[in-house]
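# Architecture at a glance
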Amino acid sequence: MGYISIQINKAKGSADTGASDHIERKTTPKNADPTRTHLNRELVQFPDGVADRTGAISHRIRTAGIKRKITPDQVRAIRIVLSGTHEDMARVQDEGRLSEWCDDNLQWLHRTFGRENTVSAVLHMDEHTPHIHATVVPIVTGERRKAKRKQTEGRRTYRKKTNAVRLCADDLLTREKLVAYHDSYAEAMAKYGLQRGVRGSEARHTTTAQYYRDLKRQTGELEANVRQLQTEQQQAERQLDEVKQDIKSEKLEAAKTEAKAALVAKVGSLFGGGKLKELEADNRILQDEVAARDESIELLQQQMERQQEEHSRQLMELQARHRREMSDKEAEHQREVSFLKSIIQKAKKWFPLFQELVYMEKFCLKVGFTERQTATLISGKPLFYEGELYSEEHGRKFKTEEAGFQVVKDPADKSKLALAINGQLIGEWFKEQFDRLFSSIRKNVIPPQYRKGLRQ
């Protein structure tokens, strides 16, 4: 049995552009995988004329019917992050229930905060754990809590409308309501094996920013450990070189001492005396010191070799762990690709016109429609448009006055789709425009008298 994850934050000011850039991936965070960003999706359709999250927030506030002036420091939006543990979300994804999980999250947001107030909900698939960034505009109806409290205390001196529309995050984020949100969300997620944490527990959710800071700190520590190991290895190599030089010097000094002793012995044998015995004793002391030094050098070399082996082992462990993590990520990516391929195959089987819709989307974008206009056409709705349209066949653009466009079944082949303008297929319309343009050019190029001769 896993646990739900729900984080709620306020967004003050005239815009929440920083969060919008992160949520809509106008800037790519370090913990996101750019190769998977195309898997992210917006779960809420924006109103006509609204292109992004920031515009959706402003549109909701502007059209809510608020009479009271909004101050610059008021909370315009509430950011909500919905997820579960990494293991639980991986299980939901492996079971093929991620889309169902997204729908249930969206339904919970609509029930809890209102459909119109839920202006954006983006599923992020390019981070470690799938999660939803939801945006709620805190539009409420009724008296302020402060005004009700004054009335209860007998201090009410005037009466306001009880059905006034207001922008007030405090009414939605009381302690009692926050607890209720966790309870109702846990009920909605129970079907996925998720439950809320223990009520009253001292455990706290890690914020997204804190998670990124911890991840960055851990990565920095690993990099610092690697640099430290490399530095120690370089120092060990330098010490080994110095020891080798010392060994050569010591052996040279030992050879010199032995040569001197031999010379003194020969001289002593010639002259005799106690001085020779003293020199022999000094020579033995020097030889003992050299032997002790050689033994110390040998011990140091052994210690250096053990240290190098330990450094090599740690480096190999770090590299092996990195390879395992990369392999796990690659395996997860392959699973996602296979899952998406199976979805596409099922979509083609269940929806015969699915592939035609994909082709039609590319065609509409190539003709010159925007993504939002293309989405309207793909949904089967009519679109009124005035502007230039590009014909790939004729290699040029043709201007049209305001006309009605709609995606229809091809009259010649009902299994295919075609784009119609005012009921006429777009290909035929392009041909008419080209013929008209060609006739106009020909008329302007051929001299009048020559045209007259041709008519005769």
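As a reminder, the structure under discussion sits directly above these lines.
Presented here is an overview of the structure given in this document. (Residues numbered from 1 in each chain as written. Predicted model: local features only at pLDDT ≥ 70, side-chain atom pairs only at ≥ 80, totals over all residues. Heavy atoms only, no water.)

## Details of the overall build of the protein chain
Spelled out, the test is: Helix and strand labels come from DSSP, where a helix needs a run of H or I of at least four residues and a strand needs a run of E of at least two; each type is numbered from the N terminus. Note on classification: 1.4 Å probe, protein chains only; a residue is buried when its accessible area is under 20% of the maximum for its type, exposed when over 50%, partly exposed between these limits. A contact between two residues is defined here by any heavy atoms of the two lying within 4.5 Å. Note that accessible areas follow from Shrake-Rupley with a 1.4 Å probe, and for residues the cover is restricted to the protein chains shown.
The number of helices and strands found in the protein chain is 12 helices and 12 strands. Expressed as a percentage of its 456 residues, the buried residues of the protein chain come to 31%. Sequence-distant contacts, at least 24 apart, represent 66% of the contacts inside the protein chain between residues at least 6 apart. If you sum the accessible surface of the protein chain, you get close to 30300 Å²; carbon and sulfur atoms cover 52% of it.

## Let's talk about the pattern of salt bridges
Here is the rule: Salt bridge, as used here: a side-chain nitrogen of Lys or Arg that lies within 4 Å of a carboxyl oxygen of Asp or Glu.
Applying the stated criterion across every chain yields a total of 18 salt bridges. Linking Lys431 and Asp435 is a salt bridge whose minimum nitrogen-to-oxygen distance equals 3.1 Å. Residue Lys431 and its partner Asp435 are located together in helix α11 (residues 426–445), separated by 4 residues, close to a single helical turn. On the accessibility criterion, Asp435 (35% relative accessible area) is partly exposed.

## Observations regarding the sheet that holds strand β12 (residues 424–425)
As a reminder of what qualifies: By the convention used here, strands pair only if DSSP detects at least 2 bridges between them. A fitted line through C-alpha atoms serves as each axis, taken over the contacting stretch for helices, and the angle formed by two N-to-C directions is quoted from 0 to 180°.
Strand order in the open sheet formed by 4 strands is β9-β10-β11-β12, with antiparallel pairing between adjacent strands. Unpaired on one side and paired on the other, β9 (383–391) and β12 mark the two borders of the sheet. The pairing of β9 with strand β10 (residues 396–410) spans 8 bridges and is antiparallel. Each bridged residue has a counterpart across the sheet, and for Leu389 the counterpart in β10 is Phe398. Strands in contact with helix α9 (residues 354–367) are β9, β10 and β11 (413–421); relative to β11, the strand with the most contacts, it is inclined by about 20 degrees.

## A look at the nonpolar core
Heads up, the rule is: Buried Ala, Val, Leu, Ile, Met, Phe, Trp, Tyr and Cys residues form a nonpolar core when they are joined through side-chain atoms within 4.5 Å.
Ile80, Leu82, Trp101, Trp108, Leu109 and Phe113 are the most contacted members of the largest nonpolar core, which has 33 residues in total. Those elements giving two or more residues to this core turn out to be β3 (75–84), α3 (86–94), α4 (98–113), β4 (118–124), β5 (131–136) and α6 (175–189). Ranked by residues supplied to this core, first place goes to α4 with 7 residues. Each residue touching Phe113, except ones within four places of it in the same chain, is listed here: Ile80, Trp108, Thr118, Val136, Leu172 and Tyr181. Membership of the second largest hydrophobic core comes to 18 residues, among which are Phe369, Leu377, Leu389 and Ile421.

## Notes on a nonpolar patch on the surface
Put simply, the test is: Here, patches come from residues exposed beyond 30% relative accessible area and free of salt bridges, joined within 9 Å for like charges and within 5 Å for nonpolar side chains (Val, Leu, Ile, Met, Phe, Trp, Tyr).
Taken together, the side chains of Phe339, Leu340 and Ile343 make up a nonpolar region of the molecular surface, amounting to roughly 220 Å² of accessible area. Summarising the element assignment, Phe339 is placed in helix α8 (residues 274–350). With relative accessibility at 30%, the residue Phe339 sits in the partly exposed group.

## Focus: the packing of α9 against helix α10 (residues 371–378)
Threshold: Note on convention: the crossing is left-handed when the near helix lies turned anticlockwise from the far helix by less than a right angle, right-handed when the turn is clockwise. All amino acids are sorted into three groups, where Ala, Val, Leu, Ile, Met, Phe, Trp, Tyr, Cys and Pro are nonpolar, Asp, Glu, Lys and Arg are charged, and the leftover types, Gly among them, are polar.
Running from amino to carboxyl end, α9 crosses α10 at an angle of 145 degrees, the nearest separation of the two axes being 10 Å. Of the two elements, α9 crosses α10, and the hand of that crossing is right-handed. Between α9, through Leu357, Met360, Glu361, Cys364 and Leu365, and α10, the contact on the second element is made entirely by Glu371, Thr374, Leu377 and Ile378. Residues belonging to the contact of α9 with α10 are distributed by class as follows: 6 nonpolar, 1 polar and 2 charged.

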